[in-house]
Amino acid sequence: MADAKVIPFDEGRPRGGSTRAGGARGGAPGSGRRGAAPPSPVTPLPGQAGHESPVPASSAPADGSAASPPPEPADVSEPADVSEPADVSERADGWERRIAGGLAFLRRRITGEYEVDEFGFDEELTDQVLMSLLRPLYEKYFRVEVRGVENIPAEGGALVVANHSGTLPLDGLMMQVAVHDHHPAGRHLRLLAADLVFMLPVVSELARKAGHTLACAEDAERLLRRGEVVGVMPEGFKGIGKPFSERYKLQRFGRGGFVSTALRAEVPIVPCSIVGAEEIYPMVGNSRTLARLLGLPYFPITPTFPWLGPLGAVPLPTKWTIQFGEPIPTDGYAPEAAEDPMLMFNLTDQVREQIQHTLYKLLVRRRSVFF
């Protein structure tokens, strides 16, 4: 019988194919094949130098069945995604801290374990409750843009002087949120309010808690000497109750009492210009009869109030800009300068002109009342 033809190792054999059943590699006796392909070289284990195993460790099973290809190593290039459980845990911890903080806050309010200053200012209530109530109106409704808040000193007293408008004094509240949320030192603005504010039920108590105090020179000077940031709007009711046709035209700043207060306390004056408040309640008329009957300085008539009832009291969603100007120093004057009427007039006029000029610049840059 003629010798069988020797077939090279890889010739005519599909790559990666398994060994045919009944023919183990290496030409073992009884395989029925002569001249089978030699086994692949196997690296000897330590201590077995010079010895080659006829079959690799991963070759076909001893029962002669087809050998399966070795399993591919698992892909470990990317770690398992564990971010979601961590995020869930962090959110759970955050909610637990909030709940714990809220319960602790309620306990302090119930037991009276909180502090107020001599003016009635409740810092904890202001930070956690009052600012939280005003912030959606500030951020989402009026979309207030703040500029130059760093002109307010990081420490020590300062007097912020702003224009006043809008029929209702929302501009003062928005200015308070702007200083609290955007100043690098997170300072509180202590507003000087009119007598009417402290004659209204509920409003009076909330104003005291928020740090507002009576608009008098004595209280303002005490706050400034304590290093507080005090806000004043010298136009008063003349500014907030002016008709829509006179919007952004500053009214008279009184006799300059705020300048005298700043001179005595030796604190800088920071002018502030507010654009957007004039249009929230376009005041097209004033019912003086109703104002006298109700004891109010004016009774506004707008396109929606009083015709739509309570719905007419909803302000229009105008876009606001609050800009704090360069501070005007007062510490370089002699102590008797606070009694000099000419100096007070000049400084008052300087502050007023700076606010008015900034208002005009902001109005020129404004694209729309609402955007």
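These figures come from a predicted structure and were not determined experimentally.

A. Representation of the overall build of the protein within the structure. For the protein, the count of helices and strands is 9 helices and 9 strands. Relative to its full complement of 371 residues, the protein shows a buried share of 37%. Carbon and sulfur atoms make up 58% of the accessible area of the protein, which amounts to about 22,500 Å² in all.

B. Layout of a nonpolar patch on the surface. On the surface, a cluster of nonpolar side chains totalling about 600 Å² of accessible area is made up of Trp-95, Ile-99, Leu-103, Leu-106 and Ile-110. Secondary-structure assignment places Trp-95 in helix H1 (residues 83-111).

C. View of the nonpolar core. Counting residues in hydrophobic clusters, the biggest one holds 30 residues, and the most contacted among them are Leu-159, Val-161, Phe-258 and Val-351. Of all elements in the fold, only strand S2 (158-162), helix H5 (217-225), strand S5 (229-232), helix H7 (257-265), strand S6 (269-275) and helix H9 (341-365) reach the threshold of two or more residues within this core. When residues in this core are grouped by element, the largest group, 7 residues, is from H9. When residues no more than four places from it in sequence are discounted, the contact partners of Val-161 are Val-232, Pro-234, Phe-253, Phe-258, Ile-269, Val-270, Pro-271, Cys-272, Val-351 and Ile-355. Core analysis: the next-biggest nonpolar cluster, separate from the first, contains 28 residues, Leu-134, Val-160, Val-229 and Ile-322 among them.

D. Fine view of the side chain of Ser-165. Secondary-structure assignment places Ser-165 in the loop between S2 and helix H3 (170-182). Ser-165 gets classed as buried once you look at its relative accessible area, which sits at 1%. Ser-165 has contacts with Asp-171, Gly-239, Ile-240, Lys-242, Ala-277 and Glu-278, leaving out every residue within four places of it along the chain.

E. Quick peek at the packing of H7 against H9. H9 packs onto H7 with a crossing angle of 105 degrees between their chain directions and a minimal axis gap of 9 Å. For the element pair H7 / H9, the angle class is roughly perpendicular. Across from Phe-258, Val-259, Ser-260 and Leu-263 in H7, the residues of H9 making contact are Leu-343, Met-344, Leu-347, Thr-348 and Val-351. Of the residues assigned to the contact of H7 with H9, the class counts are 7 nonpolar, 2 polar and no charged.

F. Expanded view of H9. Here H9 spans 36 Å end to end across 25 residues, near enough to the 36 Å set by a 1.5 Å rise per residue. Considered for burial, the residues of H9 that qualify are Leu-343, Met-344, Leu-347, Thr-348, Val-351, Ile-355, Gln-356, Thr-358, Leu-359 and Leu-362. Check the buried side of H9 and you find it contacts strand S1 (145-147), S2, H7, S6 and strand S9 (321-324). The N-cap of H9, judged by a side-chain oxygen 3.1 Å from the amide nitrogen of Met-342 a few residues on, is Asp-340.

G. Just the sheet that holds S1, in detail. The strand order S1-S9-S6-S2-S5-S3-S4 describes an open sheet built from 7 strands, whose pairing is mixed. The outermost strands of the open sheet, each flanked by one partner alone, are S1 and strand S4 (213-214). Here S6 runs beside S9; their pairing, made up of 4 bridges, is antiparallel. The partner of Val-275 across the bridge, within S9, is Thr-321. Seen against the sheet, H3 touches S1, S2, strand S3 (189-193), S6 and S9 and runs at an angle of roughly 165 degrees to S3.

H. Fine view of unusual backbone geometry. The linkage connecting Phe-305 with the following residue, Pro-306, adopts the cis geometry, with an omega of 5 degrees. Structurally, Pro-306 is set in the loop between strand S8 (300-301) and S9. Of note, the phi angle at Glu-266 is positive, near 55 degrees, even though the residue is not glycine. Summarising the element assignment, Glu-266 is placed in the loop between H7 and S6. Its relative accessible area of 47% is what places Glu-266 among the partly exposed residues.

I. Inspection of H5 at higher detail. Regarding H5, the residues found buried are Asp-219, Ala-220, Glu-221, Leu-223 and Leu-224. Following H5 by one or two positions, Gly-227 adopts a phi angle in the positive range, close to 90 degrees.

J. How the structure looks around the pattern of salt bridges. Taken as a whole, this structure holds 20 salt bridges when the rule is applied. For the salt bridge of Asp-181 with Arg-135, the shortest nitrogen-to-oxygen distance reads 2.7 Å. Within this pair, whereas Asp-181 is found in helix H3, its partner Arg-135 is found in helix H2 (residues 123-141), the two being separated by 46 residues in sequence. The partly exposed category is assigned to Asp-181, whose relative accessible area is 28%. Glu-228 serves as the salt-bridge partner of Arg-226, at 3.7 Å between the closest nitrogen and oxygen. Salt bridges linked by common partners bring Asp-117, Glu-118, Arg-190, Asp-219, Arg-222, Arg-226 and Glu-228 together as one network.

K. Highlighting the environment of Glu-124. Residue position: Glu-124 is located in helix H2. In sequence terms Glu-124 and Ala-210 are 86 residues apart; their C-alpha atoms lie 9.7 Å from each other. Beyond its immediate stretch of four places on either side in the chain, Glu-124 contacts Phe-105, Arg-108, Arg-109, Tyr-114 and Val-129.

About the cut-offs
- Residues numbered from 1 in each chain as written.
- Predicted model: local features only at pLDDT ≥ 70, side-chain atom pairs only at ≥ 80, totals over all residues.
- Heavy atoms only, no water.
- Helix = DSSP H or I, 4+ residues; strand = E, 2+ residues; numbered from the N terminus.
- Buried < 20%, exposed > 50% of the residue type's maximum accessible area, 1.4 Å probe, protein only.
- Areas by Shrake-Rupley, 256 points an atom, 1.4 Å probe, with all protein chains shown as cover.
- Patch = residues over 30% accessible without salt bridge, like charges linked within 9 Å, V, L, I, M, F, W, Y side chains within 5 Å.
- Salt bridge = Lys/Arg side-chain N within 4 Å of Asp/Glu carboxyl O.
- Core = buried A, V, L, I, M, F, W, Y, C linked by side-chain atoms within 4.5 Å.
- Contact = heavy atoms within 4.5 Å.
- Axes fitted to C-alpha atoms, helices over the stretch in contact; angles between N-to-C directions.
- Parallel < 35°, antiparallel > 145°, perpendicular 65-115°, else oblique.
- Nonpolar A, V, L, I, M, F, W, Y, C, P; charged D, E, K, R; others polar.
- Expected span 1.5 Å × (residues − 1).
- Polar contact = N/O pair within 3.5 Å; in protein donor to acceptor, adjacent residues only side chain to side chain.
- Pairing = 2+ DSSP bridges.

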